[in-house]
Amino acid sequence: MSSLTSAVRDLQRELENKTNDLSKLQKDIAKNHQVRKKYTVQLGENELVLKELDLLNEDANVYKLIGPVLVKQDLAEANSNVRKRIEYISAELKRLDATVQDLEEKQNSKKDAILKLQQKIQSIQTTKGKA
């Protein structure tokens, strides 16, 4: 009888640990979604800037804000900088997507493990109740 009680206690401890791990994974997923949202907004802004730059004539003046000062910049250089930024942000979004997918797979695995532990505890307690 006491071996069943200690087994249940051990399983409950294990369940608690897995639940804490699941909670950490969920926080990581939420954090990644926030970062992804920020990058998505930046990507949209940079694509808009690129469209605006494409509308300009080659002899148009382009200025870049550096601190409190507007500095004149070559149109080709500005175009190149924005394209590089878009490329970087797109790569970061792909990386974040892969990370989120991995975290979600781990989350599903933890949920399955928690469910199995809960069923095991329930079956032991049912057996204990019958005895």
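Residues numbered from 1 in each chain as written. Predicted model: local features only at pLDDT ≥ 70, side-chain atom pairs only at ≥ 80, totals over all residues. Heavy atoms only, no water.

- If you look the protein up in an unreviewed UniProt entry, it shows as Prefoldin subunit 6 from Stylosanthes scabra.
- Taken from UniProt, the Sequence similarities (unreviewed entry) comment for the protein reads in full: "Belongs to the prefoldin subunit beta family." (UniProt positions renumbered as here; feature names shortened; annotations may be inferred.)

1. A word on the pairing of strand E2 (residues 69-73)
Each regular strand displays side chains that alternate between the two surfaces of the sheet.
Phase 1 of the analysis: Bridge analysis of strand E1 (residues 62-66) against E2 gives 5 bridges, and the strand direction is antiparallel. Opposite Lys 64, over in E2, you have Val 71 as the bridge partner.
Phase 2 of the analysis: Hairpin connection, E1 to E2: the antiparallel pair is bridged by 2 residues, and Gly 67 has positive phi, about 65 degrees. (Pairing = 2+ DSSP bridges. Helix = DSSP H or I, 4+ residues; strand = E, 2+ residues; numbered from the N terminus.)

2. Let's talk about the pattern of salt bridges
Phase 1 of the analysis: If you walk through the whole model with that rule in mind, you get 6 salt bridges.
Phase 2 of the analysis: Close ionic contact of Arg 36 with Asp 97 constitutes a salt bridge, the shortest N to O distance being 2.5 Å. Within this pair, whereas Arg 36 is found in helix H1 (residues 2-55), its partner Asp 97 is found in helix H2 (residues 75-130), the two being separated by 61 residues in sequence.
Phase 3 of the analysis: Two residues, Asp 54 and Arg 83, come together in a salt bridge whose shortest N-O distance is 3.7 Å. Of this pair, Asp 54 sits in helix H1 while Arg 83 sits in helix H2, and the two are 29 residues apart along the sequence.
Phase 4 of the analysis: Judged by relative accessible area, Arg 83 falls into the partly exposed class, the value being 43%. (Salt bridge = Lys/Arg side-chain N within 4 Å of Asp/Glu carboxyl O. Buried < 20%, exposed > 50% of the residue type's maximum accessible area, 1.4 Å probe, protein only.)

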